[in-house]
Amino acid sequence: MSDIVNFDRFLFAFTIGSHILLVSLSIGMAILICVSEFLLARTQNKYYGGLVRRLVRPFVVSFGIGTASGIVMAVELVNLFPRFMTLVSSTGVIAVFYVEIFAFFIETIFLVVYVYYGNTFKGRYTRWLLTLPIVVGTLLSAVLIVMVNAWMNTPNGFDIGAYVASGSSYTVTGVDPWAPFLTASTGYEVFHVLGSVPLTGVMLLGGFFAYRYLKSPTAEERTLFLTGLRLAVALALVFVVLSIIAGALEIDGLWQYQPLKYAAIELDPTPGSNDPMTLFGTVVGTSIVGGLQIPGLQGFLEGGKTMPGLSQYPQSSWPPLIIHDAFDVMLIGGALLGLFVIAYVALWVTKRKPFDKPLLAYLFLAFSALTATVMELGWMTDELGRQPWIVYNVLTVANAANGNNALYGPGIAIIVGYCFLVPFTFWFMDRVFRGKPIAVDLSGPAGGEDVNY
Amino acid sequence: MSTINWLFEINFAIFSVFFVLFVSELMGGVLLLVAYDATKGKVLPYLVPIWEVTGTFAAFWVVTGDFAYPSMLWPVANLLAGLILVFLILFVLRNASISFAELILKGGRISEKRLYQLFGIATIGIAVAVLVVLSAIVSGAGVTLATLNFSLWGWVTSSGSIPYVVGVVFIAVGLAPVFYDIAPLRRLSVPFTVAGVAVEALGLYLYSSSFLSGYFLIPAILTVLASVMYQFRSTIPLVTNKLVFAIVGTVIVFSLSYLVYPTAFGGAIKVDAVTTSGPMVGAFYVLSAVGAVVVGLLMAFYMLTVRNAAKVPGVPSPAPSVGPVVHNP
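Procedures and definitions
Residues numbered from 1 in each chain as written. Chains lettered and ligands numbered in written order. Predicted model: local features only at pLDDT ≥ 70, side-chain atom pairs only at ≥ 80, totals over all residues. Helix = DSSP H or I, 4+ residues; strand = E, 2+ residues; numbered from the N terminus. Buried ≥ 20, exposed ≤ 12 C-beta atoms within 10 Å, placed from the backbone. Contact = placed C-beta atoms within 7 Å. Rg over C-alpha atoms; globule rule 2.2 N^0.38 Å. Expected span 1.5 Å × (residues − 1). Nonpolar A, V, L, I, M, F, W, Y, C, P; charged D, E, K, R; others polar. pLDDT = per-residue confidence, 0-100. Axes fitted to C-alpha atoms, helices over the stretch in contact; angles between N-to-C directions. Parallel < 35°, antiparallel > 145°, perpendicular 65-115°, else oblique. Core = buried A, V, L, I, M, F, W, Y, C linked by C-beta atoms within 7 Å. Left-handed = near helix turned anticlockwise from the far one by under 90°.

**Points about the overall build of chain A**
- Helix and strand counts for chain A come out as 15 helices and 6 strands.
- For the C-alpha atoms alone, the extent of chain A along its principal axes is close to 65 × 50 × 40 Å.
- Within the span of chain A, comprising 453 residues, buried residues form 53% of the whole.
- Long-range pairs, those at least 24 residues apart, make up 79% of the contacts in chain A with a sequence separation of at least 6.

**Concerning the overall build of chain B**
- On a plain count of helices and strands, chain B comes out with 12 helices and 4 strands.
- Here the C-alpha radius of gyration of chain B, 20 Å, is about what a compact globule of 329 residues would show, namely 20 Å.
- Taken along its principal axes, the extent of the C-alpha atoms in chain B is 60 × 45 × 40 Å.
- Excluding contacts between residues fewer than 6 apart, the proportion of contacts in chain B whose partners are at least 24 apart in sequence is 70%.

**A look at helix α12 (residues 279-309) of chain B**
- Spanning 31 residues, α12(B) covers 45 Å between terminal C-alpha atoms, matching the ideal 45 Å at 1.5 Å per step.
- Those residues of α12(B) that fall on the buried side of the exposure criterion are B:Met280, B:Ala283, B:Phe284, B:Ser288, B:Val295, B:Leu298, B:Tyr302, B:Thr305, B:Val306 and B:Ala309.
- Tucked inside the fold, the buried residues of α12(B) contact α4 (93-117) of chain A together with α1 (6-34) and α2 (36-68) of chain B.

**Looking at unusual backbone geometry**
- Here the amide bond leading from A:Gln387 into A:Pro388 is cis, since omega sits at 10 degrees, within 30 degrees of zero.
- Tracing the backbone shows A:Pro388 in the loop between α12 (358-386) and β5 (389-391).
- The omega angle of the peptide bond from B:Tyr261 to B:Pro262 is 10 degrees, so this bond is cis rather than trans.
- Structurally, B:Pro262 can be placed in the loop between α10 (242-254) and β3 (263-264).
- At A:Asn393, a position not held by glycine, the phi torsion is positive, near 60 degrees.
- Here A:Asn393 shows up in the loop between β5 and β6 (395-396).

**Details of the interface of chain A and chain B**
- Each side of the interface is counted separately: chain A has 64 residues, and chain B has 60 residues.
- Those elements that provide at least two residues to the side of chain A that touches chain B are α2 (46-80), α3 (82-90), α4 and α14 (408-433) of chain A.
- Looking at which element gives the most residues to the side of chain A that touches chain B, the answer is α4(A), with 16 residues.
- Taken together, the residues of the side of chain A that touches chain B break down into 39 nonpolar, 19 polar and 6 charged.

**Notes on the environment of A:Ile65**
- Positionally, A:Ile65 belongs in helix α2.
- Owing to 27 C-beta atoms within 10 Å, A:Ile65 belongs among the buried residues under this scheme.
- For the pair A:Ile65 and A:Asp252, spaced 187 residues apart in sequence, the C-alpha separation works out to 36 Å.
- Setting aside chain neighbours within four positions, we find A:Ile65 in contact with A:Leu22, A:Leu421, A:Thr425, B:Asn95, B:Ala96 and B:Ser99.

**Concerning helix α1 (residues 3-43) of chain A**
- Compared with the 60 Å implied by 1.5 Å per residue over 41 residues, the 59 Å span of α1(A) between its first and last C-alpha is a close match.
- Note on α1(A): the residue one or two positions beyond its end, A:Gln44, has a positive phi of about 60 degrees.

**Points about the confidence of the model for chain B**
Residues and elements named next belong to chain B.
- Scored by pLDDT, chain B has a mean of 88; 94% of the residues are at 70 or more.
- Ranking the elements of chain B by mean pLDDT puts helix α3 (residues 73-103) last, at 88, and helix α7 (residues 186-207) first, at 95.
- Across residues 318-329 the pLDDT falls below 50, and counting only partners more than four positions away or on other chains, this stretch makes 34 contacts in the model.
- The ipTM assigned to the predicted complex is 0.87, against a pTM of 0.90.

**Some remarks on the packing of α1(B) against helix α6 (residues 161-180) of chain B**
Residues and elements named next belong to chain B.
- Viewed as axis vectors pointing N to C, α1 and α6 meet at an angle of 90 degrees, and their least axial separation amounts to 9 Å. Classed by the angle they form, the pair α1 and α6 counts as roughly perpendicular. Residues Val23, Ser24, Leu26, Met27, Gly28, Val30 and Leu31 of α1 pack against Ala172, Val173, Leu175, Ala176, Phe179 and Tyr180 of α6.
- Classifying every residue of the contact of α1 with α6 by side-chain character gives 11 nonpolar, 2 polar and no charged.

**A few points about the nonpolar core**
- In this structure, A:Val202, B:Met27, B:Phe87 and B:Ala172 are the most contacted members of the largest nonpolar core, which totals 254 residues.
- Apart from the residues within four sequence positions on either side, B:Phe87 is in contact with B:Ile126, B:Ala129 and B:Val130.

**Looking at the packing of α7(B) against helix α8 (residues 217-229) of chain B**
Residue and element names in this part refer to chain B.
- At their nearest, the axes of α7 and α8 sit 8 Å apart, and the two run at 165 degrees to each other. Taken together, the axes of α7 and α8 are roughly antiparallel relative to one another. For the pair α7 and α8, the sense of crossing is right-handed. Two secondary-structure elements touch here, α7 through Ser189, Val190, Thr193, Val194, Val197 and Ala201 and α8 through Ala220, Thr223, Val224, Ser227 and Val228.
- Residue composition of the contact of α7 with α8, by class: 7 nonpolar, 4 polar and no charged.

Encoded structure:
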């Protein structure tokens, strides 16, 4: 494969890897702002008001940078993989993108109104109502882009056989423009993203609150961060349960619709019904080398179904087996996260105050980083697991990619720029979060007063 | 009998809205760059909320373009790959600088002024990239379709290119005082706008004499009229009303659609031949109709909120976009 194709591939992976981190944080902030506004309206507790006012400022920054990186991705898809986008635009997948624009509009308009003109609205619950479409818009954007990803994994909505048979003329026929809204894998992929992305967002914020809670010099600040931390944990509880259920369903979907990816993820060299669960290791020939095997566990978890094996497919079509390691880290990280949440619930049920001792706050910080890592690895597993295809069994990355060498210079500039921009954005968000004295922030949510006009 | 290509019309209408919003940003960016302290009071209250909407319209235009012209994606991506990535870098810089400027704390090493000016520079850079791309699509300057090659040098040396860009810059400078109601710059408005329209006409003529048809008169007259109306006290309130300006601006840009329809790239591409067909057309219409309602309602809600904000004491009152126009005597 040519260098420029690999460069296209790397550039897009790098951009989307950065983007999903920002977007998760944005979604987490949108949800926390919405919940805090509701609790503020209901209880008039000033700490919820302080939390809202402090979160809105980094949310604006995150939205600005997230929008830019989203548009970078959208344009990069055309620029780096034009044959892929030609197929997308000739089929109903582009309709999914089109609907996403409306979700984007809902998010943008309500965000602008809420942030800059929030105080124009009267009524106890009105500000909270304004935040609802922001949450819906952000989640809908994530859902719709995952619907595109689902179509890439289980394509439909056109005559696939005729397209493949047409060879280099790439002829699209038999189009059903609405079919890509519901592919074989749409349901479980959407369910998965609705659990995992908000989970990452609230865990990242919870980690930040935990850190600031440990460092805060005043009782008022500690109370504010503790309020945020408790909210983050409560929300994480919900999303971690959703993620576990969705993850299990997704594995089942892979077994059914992408058996090769399943075999690579589970590291099954040959087909069988009582396979062990293998942690790490690799495959040489038809044998597993290295790693830790737990006999019969995979077969037990899959209810005795017959598992596919790598040996059923030519080795040239295998995805990189590193996805097995990525999946294992994800699995272990997810299990640890689940245990952590259970421990927190146990402490809460037994009427102890989990954050009275700093250990749990430090642990939260560590689990926050782990959740982000797990999400990135999950995405990596999904995307690398489809290689060498960009649209599974239909179009390869090599055939879809742009071979224009003019991409190198600006592409490298984008990578270098992101290396500075993303960390700087996180640093800046921390600065603006704490930018105003606590007394000012506890006076309640702003309506544009915090903006430099 | 020829029929209307509605996919083209819808996509071009969305482009027109985006372009007007973007030019309004460009005008603001230039003013912030050259006279920050004198103009920030007029420019920032408009710019700060609207830049987020402009970006959304940009995405709207790109996606409807992808939808309408799938067979053009391969040639466009190959032709303009490098230039498009440069645009992306500048776009990120634009968003980053303005969102940081909005919220940066006072008294730090970097001031909000520097960041807003960086936004101005990024916006000018985007404008140059966008104009190069647009003029290449209009005229085919620098483009070799047979080999899918774009030469920046070929574009520069094409006789119409420089006047094409200079004309737009002059018009933007001429209309900036009108849009932002900067009274001290009022006298510059007419000469710059007239010169801009003339130079733009020259650029188009040099590209192809057919571009300078009777169709050019409507946008030319409307553009000059805006600057002329700004000279008279009685017409100032109308011409500085941002909603009126945006609507007229959209009409002006939309009336230039003849430059890329029925043919683009200097006559080399027939638009009807590259427009999507079959069941995708129906889907495009259905989604566009639904989208028009959704976006229309959202924009109405936004404008209503801005109007109400002007009446509420204590709320920062950005841009009398649709509200009463306040003019500096």
